[in-house]
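Per-entry structural report
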Amino acid sequence: MKIKKLKIGQKLQVTVLLITGLVFISSIGYISLKNRQRALRDTTAIVDSYAAGYAEQISNSFNEDMAVVRTLAQAFYVHNNMEIEEWKPLFVDMYRQIFENNPDFYALWDSWEYAHVDPEWTLPYGRFLNYHFRKDGRINYQELERSLDGDPLLYGAAKSAGREMIWEPYPDQLEVGATGTTLMTTLTVPMFFNSRYIGLVGVDITLAHLQRMISEIQPFDEAYAFLVSSNGLYAAHPHTEFLEMPLAENLWQDEQALNLTDKIRRGETFSFSSAHEKGENFYYTFAPVFIGETQTPWSMAIAIPVKIIEQEARNQLLISLLIGLFGLLVIGFIIWRVALSISSPVKLITALMQRLARGEIDTEMNLQLQTGDELQQMAEAFNTSIRGLDEKTMFAQNIGKGNLDAELELLSEHDVLGKSLKEMQADLVKARKEETLRQEEDKIRRWSTEGYARFSEILRNNNDNMESLAFDVIQNLVKYLNANQGGIFVYNDEDIHDTFLELKACYAFDRKKYLEKKIYPGEGLVGTSFKEGKTTYLTQLPQNYIRITSGLGDENPGALIIVPLVLNDQIYGVLEIASFHKFVPYQIEFIEKIGESVASTISSVKVNLQTAVLLEKSQQQAEEMKAQEEEMRQNMEELHATQEEMARKSAEMEGILKALDSSSYVIEYDLNGKIINISDSYLKLLSISRQDVLGTHHADKMELSAEQKTDYEEFWSLLKKGNTQYQEVKINVAGKTFWLAETYTPIFDQNGVPYKIFKIANNITDSKTMAIKLAEENQVLKQKIEELTKEK
């Protein structure tokens with residue numbers, strides 16, 4: 001049987017059943033392919049959340065213990081000023097209370113460096129220990145000495161770290177003679193005084209409660225959990241034989257491939273699948289356990305067999321198949337029922353639609369269906385369409401008769417035909433309004449053009465007289481605007497210390513209004529408009545601000561406009577116009593453009609006036625410059641004579657310096673004692689080059705005692721004050737001894753202030769040598785006389 005020959009109900013049944021069957025088969029195939037991955041993803045997400053939750057519980061447990069240790073360390077800071085014997089009893093009672101509240105604490109201790117408590121202790125190690133511990137169900141206390149021969153490895157690591165630490169798990173025998181050991185860890189908090197390490201507070205904790213927690217964690221069948229330390233040691237595991245074993249030893253292949261231990265140290269959250277444990281494929285998830293301010297996080301892990309996850313996927317697949325088959329049967333029955341309810345109303349609707357297709361529009365073409373479904377909605381929509389088409393026909397007829405105010409109610413916001421008819425109506429109305437607006441704009445354009453032409457002529461005829469320009473502008477502007485009063489103010493800046501707005505012309509103003517013709521910037525409405533450079537338009541004026549007077553009385557104006565005269569961002573004045581009627585926007589724009597033209601003309605008038613003043617000043621200055629040139633010529637002659645005299649004295653001074661250079665040794669110093677010039681004769685005597693000497697200090701290579709240094713500083717202090725100094729010095733050059741008589745003379749600038757030191761040295765070696773020789777001979781003769789005297 002072909003589908004084309006079937007009735008509509010049969011077509012619906014066959015088509016929908018075929019499509020539903022195809023969709024069902026495709027869905028089952030897709031579910032079969034994707035369900036395993038989805039189940040694995042969903043289950044692993046649950047396992048990950050379990051791991052994160054238990055990791056947070058373990059972290060909170062450790063952090064509570066660490067808070068106890070941290071509080072004790074802070075308490076020691078508070079009692080730092082007390083003697084040890086005073087605070088020991090206090091902390092013994094405190095430790096007992098802590099032990100009672102924390103049954104997992106095995107030992108609680110504080111360690112103090114001898115270097116802190118004993119000022120005579122000089123070694124970097126050595127400490128005493130206040131040790132509180134449990135034994136036979138009782139809390140005991142011991143005072144111990146440790147690290148006398150050096151710090152042990154674990155304590156040394158905690159000491160050098162200088163921060164909170166959790167130690168790696170270690171076994172300990174809690175009772176003497178016990179047959180087994182208990183896995184423990186230690187939490188430590190360092191103590192510092194003035195940024196120097198002074199000791200450590202620690203607590204030894206058994207991991208038995210964590211072992212119990214780990215053993216009870218089993219979110220799925222055959223799943224298990226375990227706890228790993230920062231260095232990868234099993235700290236808790238359901239199988240106790242793994243305790244203290246490195247994770248890398250149990251899962252060595254995964255350790256090599258994934259660097260598991262490094263990820264744990266970095267505090268990462270990660271997961272992977274592996275078949276390297278027990279030969280069975282497991283899914284592992286790791287969540288970090290952060291402890292206080294330590295930098296060695298542990299990790300909480302959960303392992304679940306992948307077969308458990310796959311079993312969950314198979315269960316979901318079976319459920320999906322059963323639900324799909326049942327759904328297919330239900331859909332088939334519903335489609336059969338729906339097809340029966342649709343076929344008969346559709347026949348009726350088809351008959352009316354055929355009439356509508358032939359162009360028939362009659363309000364009697366109504367459908368009466370009470371099915372309560374889309375068919376009833378279809379019938380109601382058909383009835384609405386018939387009614388709407390009838391209304392649109394009447395609307396079109398009214399528009400055709402020129403009745404543009406006719407109304408049409410749209411069937412909905414999607415009524416395309418109705419919108420088109422209303423758009424046609426709107427276009428016709430718009431065309432009528434645009435024609436009216438165009439006529440109004442032409443009228444305004446002609447008014448503005450005539451006004452611009454008139455005022456251009458006024459400005460052109462009054463470009464050399466400010467008062468005439470101002471009066472003609474304000475008079476014609478008030479009349480052209482059909483206003484009542486007006487005034488023009490020009491900015492007067494002739495005196496930069498007293499600038500103001502000056503009333504240059506007014507029209508029909510009350511004489512009392514502007515008896516004072518000065519307005520300063522920022523003063524009143526006019527001054528404010530000038531200062532801000534913006535047009536001010538008011539329709540509600542202050543009482544008694546301005547009044548328009550006639551033979552019948554006076555009244556407040558209905559509008560006031562104040563326009564600054566602006567050209568190139570510079571304001572040259574202000575226009576103020578008052579009127580009984582309000583100004584419309586095109587009139588305001590006209591006034592502002594006229595204001596720009598007026599500002600340009602005022603600028604030109606001011607420039608012309610200033611040019612005339614400047615021309616007069618330039619003529620006066622030319623005469624003054626002529627007189628100054630004559631005076632300058634006489635000064636130049638005097639200057640030339642002075643220069644000749646200075647040249648003569650300079651030549652004379654140069655001759656004196658050459659004579660000194662040939663007969664004496666000359667050096668010039670700055671006021672700091674550094675050499676700035678030296679004579680050739682001095683360089684020859686010392687057998688050195690000029691580059692080796694310039695810039696060196698007078699005291700270089702001198703070795704002075706404290707007394708000599710004081711005398712030396714006094715010597716230079718007197719020179720800087722302008723006092724001449726004299727001294728005799730002995731020098732050795734190439735094995736020869738020379739005696740020099742040195743005279744230090746300050747050189748003064750034009751203000752009488754010393755600015756350099758001039759030293760002249762003369763060679764007195766011969767006379768000095770002879771004097772020394774005579775002194776030695778006199779000493780010998782004196783000794784002989786003394787010897788003869790003793791013999792007698």
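Residues numbered from 1 in each chain as written. Predicted model: local features only at pLDDT ≥ 70, side-chain atom pairs only at ≥ 80, totals over all residues. Heavy atoms only, no water.

Structural notes on the sheet that holds strand β15 (residues 518-519)
- Here we have six strands laid out as an open sheet, ordered β15-β14-β13-β20-β19-β16, and antiparallel in their pairing. For this open sheet the edge positions go to β15 and β16 (536-538), each flanked by a neighbour on one side alone.
- The sheet contact formed by strand β13 (residues 485-492) and strand β14 (residues 500-507) spans seven bridges and is antiparallel. When the bridges of β14 are listed, Val-490 appears paired with Glu-502.
- Sitting on the sheet, helix α12 (residues 466-480) is in contact with β13, β14 and β20 (570-579), with an inclination near 55 degrees to β14. (Pairing = 2+ DSSP bridges. Helix = DSSP H or I, 4+ residues; strand = E, 2+ residues; numbered from the N terminus. Contact = heavy atoms within 4.5 Å. Axes fitted to C-alpha atoms, helices over the stretch in contact; angles between N-to-C directions.)

Details of the nonpolar core
- Within the largest apolar cluster, 49 residues are counted, with the highest numbers of intra-cluster contacts made by Phe-62, Leu-227, Val-289, Trp-298 and Met-300.
- Here this core takes twelve residues from helix α1 (residues 8-78), the largest share from any one element.
- Counting 33 residues, the second-largest nonpolar core is a separate cluster that includes Ala-470, Val-478, Leu-575 and Val-605. (Core = buried A, V, L, I, M, F, W, Y, C linked by side-chain atoms within 4.5 Å. Buried < 20%, exposed > 50% of the residue type's maximum accessible area, 1.4 Å probe, protein only.)

Regarding the packing of aromatic side chains
- Under the definition given, this model contains 30 aromatic pairs.
- Of the aromatic side chains, those joined through ring pairs into one cluster are Tyr-224, Phe-226, Tyr-234, Phe-242, Phe-270, Phe-272, Phe-282, Tyr-284 and Phe-286.
- Of note, Arg-127 hangs over the ring of Tyr-155, and the distance from its end group to the ring centre comes to 3.6 Å. (Phe/Tyr/Trp six-rings, centres within 6.5 Å; stacked < 30°, edge-to-face > 60°. Lys NZ or Arg CZ within 6 Å of the ring centre and 35° of its normal.)

Remarks on a nonpolar patch on the surface
- Residues Phe-326, Val-330, Phe-333 and Ile-334 make up a contiguous nonpolar surface patch of about 410 Å² in total accessible area.
- On the secondary structure map, Val-330 appears in helix α9 (residues 306-357).
- What makes Val-330 partly exposed here is its relative accessible area of 33%. (Patch = residues over 30% accessible without salt bridge, like charges linked within 9 Å, V, L, I, M, F, W, Y side chains within 5 Å. Areas by Shrake-Rupley, 256 points an atom, 1.4 Å probe, with all protein chains shown as cover. Salt bridge = Lys/Arg side-chain N within 4 Å of Asp/Glu carboxyl O.)

Describing unusual backbone geometry
- Located in the positive-phi region is Asn-194, a residue other than glycine, with phi close to 55 degrees.
- The topology assignment puts Asn-194 in the loop between β6 (182-193) and β7 (196-206).
- The backbone of Asn-259 sits at a positive phi, close to 55 degrees, despite the residue not being glycine.

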